Amino acid sequence: QVNLVESGGSLVRPGDSLRLSCAASGRTFRNYGWAWFRQSPGKERELVAAIKPSGGSTRYADSVKGRFTISGDNAKNTVYLQMGGLKPEDTAVYYCASGRTISSTMTSESAYDIWGQGTQVTVSS
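Our subject in this report is the structure included herewith. (Residues numbered from 1 in each chain as written. Predicted model: local features only at pLDDT ≥ 70, side-chain atom pairs only at ≥ 80, totals over all residues. Heavy atoms only, no water.)

Under the defined criterion, the tally for this structure stands at three aromatic pairs. Each ring, one from Phe-29 and one from Trp-34, has its centre 5.9 Å from the other, and the planes form 25 degrees; the classification is stacked. Phe-29 sits in the buried class, given a relative accessible area of 5%. Judged by relative accessible area, Trp-34 falls into the buried class, the value being 1%. Three or more aromatic residues joined by ring pairs form one cluster here, namely Phe-37, Tyr-112 and Trp-115. A cation over a ring is seen here: Arg-45 above Tyr-95, with NZ or CZ 5.3 Å from the ring centre. One Lys or Arg, Arg-45, reaches over the ring of Trp-115 and ends 3.9 Å from the middle of that ring. (Phe/Tyr/Trp six-rings, centres within 6.5 Å; stacked < 30°, edge-to-face > 60°. Buried < 20%, exposed > 50% of the residue type's maximum accessible area, 1.4 Å probe, protein only. Lys NZ or Arg CZ within 6 Å of the ring centre and 35° of its normal.)

This part takes up the sheet that holds strand S8 (residues 78–83). Pairing is antiparallel across the open sheet formed by four strands, whose spatial order is S1-S3-S8-S7. In this open sheet, the two edge strands, each paired with only one partner strand, are strand S1 (3–7) and strand S7 (68–73). The sheet shows a mean angle of 15 degrees between the axes of neighbouring strands, taken without regard to direction. One ladder, built from five bridges, connects S1 with strand S3 (residues 18–25); its direction is antiparallel. Its bridge partner lying in S3, Asn-3 is registered against Ser-25. (Pairing = 2+ DSSP bridges. Helix = DSSP H or I, 4+ residues; strand = E, 2+ residues; numbered from the N terminus. Axes fitted to C-alpha atoms, helices over the stretch in contact; angles between N-to-C directions.)

Checked against the element boundaries, Val-64 lands in the loop between strand S6 (57–60) and S7. Sequence spacing of Val-64 and Thr-107 is 43 residues, and the spatial spacing of their C-alpha atoms is 14 Å. Not counting residues within four places of it along the chain, the set of residues in contact with Val-64 comprises Arg-38 and Val-48. (Contact = heavy atoms within 4.5 Å.)

Across a regular strand the side chains alternate sides, sitting on one face of the sheet and then on the other. Pairing analysis gives six bridges linking S3 to S8, with the strands arranged antiparallel. Bridge assignment links Arg-19 to a residue of S8, and that residue is Gln-82.

Turning our attention to unusual backbone geometry. Of note, Asn-77 is a non-glycine position whose phi angle comes to about 50 degrees, a positive value. Tracing the chain through its elements places Asn-77 in the loop between S7 and S8. Take Asn-77: its relative accessible area is 16%, and that puts it in the buried class.

Here's what the structure looks like:
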């Protein structure tokens, strides 16, 4: 059974940094694609960042480029999202996802078959 558990969500102030973690069980980090999506109230879920360990490809939403970094730890089977320069518009529930992706599909929500339960990030002064 594959299970993804996110952690690290919190209430922070604009400009702060935060790191989200996604611990995976039942699926080896290097063999799959991984991504972080987010959803705000009244909005559709959107891709934040994606990584394909084999090849090292990463993708980012334009809104987070230069501020967020996705990475992973093979030994810990954990995916991270390092977020910096947080803005109120980054407020959302952040979801970790995993799937058998290729470069052309790694930004597509439909490419991911396993999802975590989500972790809340709130950016407010």
